Amino acid sequence: MDFTFTEEQQAAAEAAKGVFAGVAPDAVPSPALTPGAVADTHDRALWARLADADLLSLLLDERYGGAGLDAVALCLVLRESAQVLARVPLLENSAAAAAVQAFAGDEAKSALLARAGRGEIVLTVAAHGRTGHDPAELAVTARQDGEAWVLDGVQTAVPWAYDADVTVVPAHTATGRTVLALVPREHPGAVLAEQFSTSGERLGELRLESARLTARDVIDADGAWEWLRNLLATGTCALALGLGERVLRMTGEYTSEREQFGFPIATFQAVAVQAADRYIDLRAMEVTLWQAAWRIATGSPGALPPAGDVAVAKIWAAEGVRRVVQTAQHLHGGFGADVDYPLHRYHAWAKHLELSLGPAAAHEEALGDLLAAHPLA
């Protein structure tokens, strides 16, 4: 395998750096001081700039106005977005659009893809199940009633639920198959209740009570949910990597300037060793991320299915980003908890990312199941 990025992938990353250059991570009230959501909606001005830079359509084909790039390019852009805590549904919108493109019918593609790529509509994904710990596809049932589908169940912690025009909802049928339902906002039988993440963003609990959808709005292709879930998890790993890299850089800058006994504390062995350990965490997060993204992008065979590489990447991302922000808080001392300094925001976002799509233990269990089912020679 070759992890050298292509010119197109590098161009996407450079474009993202330009768009995110002026974004302030503390542009909204601190989640530590806000009892509810830090803002009513996502950063719409930034969303428009991403659309103008063609970064919302990276994974879409040219016929839908896209660049035809892959998961690696998306992860490069997500990595940049996390460094400034960009408040946009970039991962969810991109992953949902890619799933529609890969598995939906022509009618759904025509209705959604070009508009999503231009930022005119927002797509999101309900991927947390009923509690955040059970498989998302088991939280909602789907049954056919003539030519329609009827959905019942609950999905918790849906990101950007109040901003999304369409939510992709995994659901299971009586035969054990998983379908993806494209549920419009304010659809009859679909009700949202406010929830809030550790980062202060507004989430939504989506309740479906006999919600009826046409066949056009249900994707019943085999493997669609597994593919989308893997892309979401890998994108979450990219966000964790970008956040961790920014936090370690902040820590390096602070410890180089903060002095004790007449010397920068970065020169103290105990400080240097802790920072070095976190650097190792980041490099492990990086290599496992690109392995997972490469498997998704190329479909290359391996000893395990792509879900195995995704599980390894998510284990490292969840554990690694937690250790990075904890060490950063420790080395910053009381300054790290100052709400006028952005580190506490990164800590809050890191906790949200750690738990997104399941903590490390859940993916360790999934990896164990894969190893049991696919013994390594």
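Further up the page is the structure itself.
Everything numeric here is computed off the predicted structure, so don't read it as measured data. (Residues numbered from 1 in each chain as written. Predicted model: local features only at pLDDT ≥ 70, side-chain atom pairs only at ≥ 80, totals over all residues. Heavy atoms only, no water.)

> Help me understand the overall build of the protein chain in this model?
Each helix and strand counted, the protein chain has 10 helices and 10 strands in total. In terms of overall dimensions, the protein chain is globule-like: its C-alpha atoms have a radius of gyration of 21 Å, near the 21 Å expected for 377 residues. Principal axes of the C-alpha set define a box for the protein chain whose edges measure 80 × 55 × 40 Å. Looking at the protein chain as a whole, 54% of its 377 residues qualify as buried. Summarising the internal contacts of the protein chain: among those between residues at least 6 apart in sequence, 74% fall at separations of at least 24. In the structure as shown, the protein chain presents an accessible area of about 16200 Å², 53% of it carried by carbon and sulfur atoms. Of the side-chain charges in the protein chain, 29 are positive and 48 negative, and the distance between the mean point of each set is 2 Å. (Helix = DSSP H or I, 4+ residues; strand = E, 2+ residues; numbered from the N terminus. Rg over C-alpha atoms; globule rule 2.2 N^0.38 Å. Buried < 20%, exposed > 50% of the residue type's maximum accessible area, 1.4 Å probe, protein only. Contact = heavy atoms within 4.5 Å. Areas by Shrake-Rupley, 256 points an atom, 1.4 Å probe, with all protein chains shown as cover. Lys, Arg positive; Asp, Glu negative; His and termini not counted. Charge placed at Lys NZ, Arg CZ, Asp CG, Glu CD.)

> I would appreciate a short explanation of the pairing of strand S4 (residues 166-172) in the present structure.
In regular strands, side chains alternate between the two faces of the sheet. The buried fraction of S4 amounts to 6 of the 7 residues, a majority that puts the element mostly inside the structure. With 3 bridges joining them, strand S1 (residues 123-125) and S4 adopt parallel strand pairing. Of the residues in S4, the one forming a bridge with Leu 123 is Val 166. Pairing of S4 with strand S5 (residues 178-184), which is carried by 7 bridges, proceeds in the antiparallel orientation. Along S5, the bridge assignment pairs Ala 171 with Val 179. (Pairing = 2+ DSSP bridges.)

> Explain the side chain of Arg 87 to me, please; I cannot follow it from the model alone.
Here Arg 87 is to be found in the loop between helix H3 (71-83) and helix H4 (90-103). Here Glu 201 takes part through its side chain, which lies 2.7 Å from a polar atom of the side chain of Arg 87. Sequence-distant contacts of Arg 87, defined by excluding residues within four places in its chain, comprise Val 28, Val 38, Ala 39, Thr 41, His 42, Asp 43, Trp 160, Glu 201 and Trp 349. (Polar contact = N/O pair within 3.5 Å; in protein donor to acceptor, adjacent residues only side chain to side chain.)

> Could you clarify how one ought to interpret the nonpolar core in this entry?
One broad trend across soluble globular proteins is that nonpolar side chains are buried collectively. Core analysis: the largest hydrophobic core is formed by 89 residues, its most contacted members being Phe 20, Leu 50, Leu 228 and Leu 243. Counting residues per element, this core draws most heavily on helix H6 (residues 224-257), at 15 residues. Excluding residues that lie within four positions of it along the chain, Phe 20 makes contacts with Leu 46, Leu 50, Val 77, Glu 80, Ser 81, Val 84 and Ala 86. Val 140, Val 158, Val 169 and Ala 190 belong to the second largest nonpolar core, which has 19 residues in total. (Core = buried A, V, L, I, M, F, W, Y, C linked by side-chain atoms within 4.5 Å.)

> Hey, could you run me through the packing of H6 against helix H8 (residues 306-332) in this one?
Two quantities define a packed helix pair, namely the angle between the axes and the distance from one axis to the other. Where H6 meets H8, the closest approach of the two axes is 8 Å, and the angle between their N-to-C directions is 25°. When the axes of H6 and H8 are compared, the pair comes out roughly parallel. Between H6 and H8 lies a crossing whose hand is left-handed. Each residue belonging to the contact of H6 with H8 can be placed in one class, and the counts come to 18 nonpolar, 7 polar and 2 charged. (Axes fitted to C-alpha atoms, helices over the stretch in contact; angles between N-to-C directions. Parallel < 35°, antiparallel > 145°, perpendicular 65-115°, else oblique. Left-handed = near helix turned anticlockwise from the far one by under 90°. Nonpolar A, V, L, I, M, F, W, Y, C, P; charged D, E, K, R; others polar.)

> Help me understand the packing of H3 against helix H7 (residues 269-298) in this model?
At a minimum axis separation of 8 Å, H3 and H7 run at an interaxial angle of 145°. Of H7, the residues touching H3 (which contributes Ala 71, Val 72, Cys 75, Leu 76 and Arg 79) are Arg 283, Glu 286, Leu 289, Trp 290, Ala 293, Trp 294, Ile 296 and Ala 297. When its residues are assigned to classes, the contact of H3 with H7 shows 10 nonpolar, no polar and 3 charged.

> Is there a simple way to think about the packing of aromatic side chains in this case?
What characterises a pair of aromatic rings is the spacing of the ring centres plus the angle enclosed by the ring planes. For the structure shown, the criterion picks out 4 aromatic pairs. Here the aromatic rings of Phe 5 and Trp 290 are separated by 5.0 Å at their centres, their planes lie at 75°, and the arrangement is edge-to-face. With a gap of 285 residues between them, Phe 5 in the segment before helix H1 (7-20) and Trp 290 in helix H7 connect regions that are remote in the sequence. The class of Trp 290 is buried, set by a relative accessible area of 6%. A ring pair is formed by Tyr 254 and Phe 335, whose centres lie 5.6 Å apart and whose planes are at 15°; its orientation type is stacked. Residue Tyr 254 is found in helix H6, and its partner Phe 335 is found in the loop between H8 and helix H9 (343-355); the two are separated by 81 residues along the sequence. When the ring centre of Tyr 162 is taken as reference, the NZ or CZ atom of Arg 202 above it lies at 4.0 Å. (Phe/Tyr/Trp six-rings, centres within 6.5 Å; stacked < 30°, edge-to-face > 60°. Lys NZ or Arg CZ within 6 Å of the ring centre and 35° of its normal.)

> Explain the pattern of salt bridges to me, please; I cannot follow it from the model alone.
A complete count under the given rule lists 22 salt bridges for this structure. Residue Glu 245 pairs with Arg 79 through a salt bridge whose shortest N-O separation is 2.6 Å. In this pair, Glu 245 sits in helix H6 while Arg 79 sits in helix H3, placing the two residues 166 residues apart along the sequence. The class of Arg 79 is buried, set by a relative accessible area of 13%. The shortest N-O distance in the salt bridge between Glu 354 and Arg 322 comes to 3.6 Å. Here Arg 322 lies in helix H8 and Glu 354 lies in helix H9, a separation of 32 residues in the sequence. Look at Glu 354 and you get buried, because its relative accessible area is 11%. Residue classification places Arg 322 among the partly exposed residues on the basis of a relative accessible area of 22%. (Salt bridge = Lys/Arg side-chain N within 4 Å of Asp/Glu carboxyl O.)

> Whenever I open this one, the environment of His 332 confuses me. Can you help?
Tracing the chain through its elements places His 332 in helix H8. Discounting residues that sit within four places of it in the chain, His 332 has contacts with Met 250, Thr 251, Tyr 254, Tyr 341 and Leu 343.

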